[in-house]
Amino acid sequence: MDGLLHGFAVLSTWQNLSLCLLGAVLGTVVGVLPGLGPATTIALLLPITLKLDPTGAIILLAGIYYGVAYGGTLTSVLMRIPGEASSVVTCLDGYEMARKGRAGAALGIAAIGSFFAGTVGILGVMLLSPPLAELVIAFGPWEYAALMLAGLSLIAFFAASGLAKAALMALLGLLLGAVGIDPIAGTPRFTFGIPELVDGINITPLALGLFGLSELLFLALVPAGRSEILRPPSSLLGFLPSREEARRSVAPVLRGTGLGFLVGLLPGGGAVLASFLSYAVEKRLARRPQEFGRGAVEGVAGPEAANNAGTAGAFIPLLTLGIPANAVTALLLGALLIHGVQPGPMILERQPEIYWGVIASMYLGNVLLLVLNLPLVGLFVRALEIPRRFMAAAILSICVIGVYSTNLASFDVLLAVGFGLLGFVLRRGGFDLGPLVLAYVLGPTFERSLRQGLLISDGDLTALLERPIALGFIAAATLTLLAAMLLRNRARVAD
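The model shown is predicted, which means the values in this text are computed figures rather than measured ones.

*Asks:* In this structure, what is going on with the packing of aromatic side chains? I would like to understand it.
*Replies:* Working definition: an aromatic ring pair is given by the centre-to-centre distance plus the angle between the planes. What the rule picks out here adds up to 3 aromatic pairs. For the ring pair tyrosine 65 and phenylalanine 315, a centre distance of 5.7 Å and an interplane angle of 50 degrees mean the geometry is tilted. With tyrosine 65 in helix 4 (residues 54-79) and phenylalanine 315 in helix 14 (residues 315-321), the pair connects residues that are 250 residues apart, well separated along the chain. We classify tyrosine 65 as buried; its relative accessible area is 7%. The cationic tip of lysine 165 hangs over the ring face of phenylalanine 431; the distance from NZ or CZ to the ring centre is 5.1 Å.

Right, dumping it as structure tokens:
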């Protein structure tokens, strides 16, 4: 409790309060706009956060991450357009409820369920992170190397396009992370005689190029179109569900909260997987499964709760282990590293203001999202009317100015353009960029820890046999890969 009070004290400055509000609002807008997504937005804002202190920067970016889960619901219910991947499931029954004149009830149930699940998820982060951090403090080089290996094995669950493509992306990420100074020998490598690469490839041009500029190219290819927007309620009373709808929503919200939080902890988990699993569970348990896809309130309540609980759960491996559970948290990890913050067990000891400040901001952000989203739903939906040419120009300007302002180097702009073209080609070829970012972020730590362990043991790998925790992580990595392969084989057989 003392830590949480300290977090609210950190949050109580005008700057941090403003950043928390800005993150929640931006997250909602990003969730409303189809295709933009939290990864692209966080990548775009990375250079801007360099002007902020580390605590304020992470409060802003975290607000965007969990705010997206709220915003995506609005267009899913009113337009059958998922603003974000985790809101795809809500389209199935939320839009059908809206067509029956129950748009307000669908949005109200989604908002209340999301608030409850988000609050419980944040409480779980607060209670589980400290004991987990105490366990990790005892880690040596071998344990960290094995932990990073377990993290790298997550590519098997990132591999939406297949294991082979994911492995290629991970290999490319490892190579990009190895550019610069050798961490042990202290000599340049993979710089090809280019002085600007001696310090390595900064995550800012890499992230802005892969996500921001490549998204710009995709915007240029997709023809603009207009969709019918169903009218939201004009008063707050219109968002209240009926007594029957409320009764049917309680159990799905509770189940979605527990399931979503657990899924958020898992490799490749997070909001997207949590919402799909929750929908499957609710349909299996429903007394009238034939209603699903035709406006079943359970199909909105469960996935929306799981969505937000999964988002909160993903912060536990990020903050206490330094392991991102998905592509968005990988970018958050990169943002922490840019600001000189090393996520892991020592963050509670060395920089408690960051950890508890983020936890407190998540509590406040959850309240702000509930208070703002329902009254301002009409305003947020109007963001869809922004002409695409203006949005493209804004993205391009933010990318170029942001990359250049990081180091005042035109070479970084060229890097961003190169990564933008690379990201566009890879995405057109069906490659997922998540494994690349994950490997880029975790690769240097894995290499450094492994080589330190080998130096300590004089190159004897059998020293691992004396480290049971490291062996446990290696076993977990092996099981992760095997489970992913088994699931893919089952899916192939089912098809």
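*Asks:* Looking at this model, I keep getting lost on the pattern of salt bridges. Mind explaining?
*Replies:* Per the counting criterion, the structure on display carries 7 salt bridges. The shortest N-O distance in the salt bridge between aspartate 182 and arginine 189 comes to 3.5 Å. Across the pair, arginine 189 and aspartate 182 agree in class, each one buried. Taking the shortest distance from any N to any O, the salt bridge between arginine 451 and glutamate 447 comes out at 2.9 Å. With a gap of 4 residues between them, arginine 451 and glutamate 447 both fall in helix 21 (residues 434-456), about one helical turn apart. Connected through shared salt-bridge partners, Asp182, Arg189, Glu447 and Arg451 make up one network.

*Asks:* Hey, could you run me through the layout of surface pockets in this one?
*Replies:* If a probe as big as a water molecule is rolled over the atoms, it shows which places are left empty. Empty space within the second largest pocket amounts to approximately 590 Å³. Forming the walls of the second largest pocket are 23 residues, and the residues nearest its centre are Gly177, Asp199, Ile201, Tyr440 and Pro444. Elements with a contribution of two residues or more to the lining of the second largest pocket: helix 9 (163-177), strand 1 (180-181), helix 15 (327-338) and helix 21. Its residues assigned to classes, the lining of the second largest pocket comprises 12 nonpolar, 7 polar and 4 charged.

*Asks:* Just to check I follow, could you spell out the packing of helix 10 (residues 203-221) against helix 21 for this structure?
*Replies:* What describes two packed helices is the angle between their axes and the distance between those same axes. Where helix 10 contacts helix 21, the two axes come as close as 12 Å, and the packing angle between them is 175 degrees. Taken together, helix 10 and helix 21 sit at an angle that is classed as roughly antiparallel. Here Ile203, Leu206, Leu210 and Phe211 of helix 10 come into contact with helix 21, specifically with Leu436, Val437, Tyr440 and Val441. The residue makeup of the contact of helix 10 with helix 21, split by class, is 8 nonpolar, no polar and no charged.

*Asks:* What should I look at first to understand helix 10 in this one?
*Replies:* Along an α-helix, residues three or four apart share an orientation, since each turn contains 3.6 residues. Relative to the 27 Å expected for 19 residues at 1.5 Å per residue, helix 10 spans 26 Å between its end C-alpha atoms, a close match to the ideal helical length. Maximum bend of helix 10: about 35 degrees, positioned at glycine 209.

*Asks:* It is not clear to me how the environment of glycine 430 should be interpreted in this structure. Could you clarify?
*Replies:* Its place among the elements puts glycine 430 in the loop between helix 20 (410-428) and helix 21. C-alpha of glycine 430 to C-alpha of lysine 165: the two residues are 265 residues apart in sequence and 8.4 Å apart in space.

*Asks:* Is there a simple way to think about the side chain of asparagine 16 in this case?
*Replies:* Mapped onto the fold, asparagine 16 is located in helix 2 (residues 14-32). Accessibility expressed as a relative area gives 5% for asparagine 16, which makes it buried. Dropping the residues within four chain positions of it, asparagine 16 is found in contact with Val10, Leu11, Thr55, Gly56 and Ile59.

*Asks:* Could you clarify how one ought to interpret the environment of phenylalanine 473 in this entry?
*Replies:* Along the chain, the position of phenylalanine 473 falls in helix 22 (residues 468-494). Here the alpha-carbon distance between phenylalanine 473 and alanine 150, two residues 323 residues apart in the chain, equals 5.9 Å. Phenylalanine 473 has contacts with Phe139, Glu143, Ala146, Leu147 and Ala150, leaving out every residue within four places of it along the chain.

*Asks:* Honestly, the side chain of glutamate 282 in this entry has me stumped. Any pointers?
*Replies:* Along the chain, glutamate 282 turns up in helix 12 (residues 271-285). Reaching out from glutamate 282, the side chain makes a polar contact with the side chain of arginine 255 at a distance of 2.8 Å. Setting aside its immediate chain neighbours within four residues, glutamate 282 contacts Pro252, Arg255, Phe292, Glu298 and Gly302.

Here is what the cut-offs are and how they apply
- Residues numbered from 1 in each chain as written.
- Predicted model: local features only at pLDDT ≥ 70, side-chain atom pairs only at ≥ 80, totals over all residues.
- Heavy atoms only, no water.
- Phe/Tyr/Trp six-rings, centres within 6.5 Å; stacked < 30°, edge-to-face > 60°.
- Helix = DSSP H or I, 4+ residues; strand = E, 2+ residues; numbered from the N terminus.
- Buried < 20%, exposed > 50% of the residue type's maximum accessible area, 1.4 Å probe, protein only.
- Lys NZ or Arg CZ within 6 Å of the ring centre and 35° of its normal.
- Salt bridge = Lys/Arg side-chain N within 4 Å of Asp/Glu carboxyl O.
- 1 Å grid on protein atoms, 1.4 Å probe; cavity = no way out; pocket = protein on both sides within 12 Å on 5 of 7 lines; lining within 4 Å.
- Points joined across faces, edges and corners; volume = space filled by probe spheres on them.
- Nonpolar A, V, L, I, M, F, W, Y, C, P; charged D, E, K, R; others polar.
- Axes fitted to C-alpha atoms, helices over the stretch in contact; angles between N-to-C directions.
- Parallel < 35°, antiparallel > 145°, perpendicular 65-115°, else oblique.
- Contact = heavy atoms within 4.5 Å.
- Expected span 1.5 Å × (residues − 1).
- Bend = angle between axes of the 7 residues up to and from the residue.
- Polar contact = N/O pair within 3.5 Å; in protein donor to acceptor, adjacent residues only side chain to side chain.

That is the geometry; function is a separate question.
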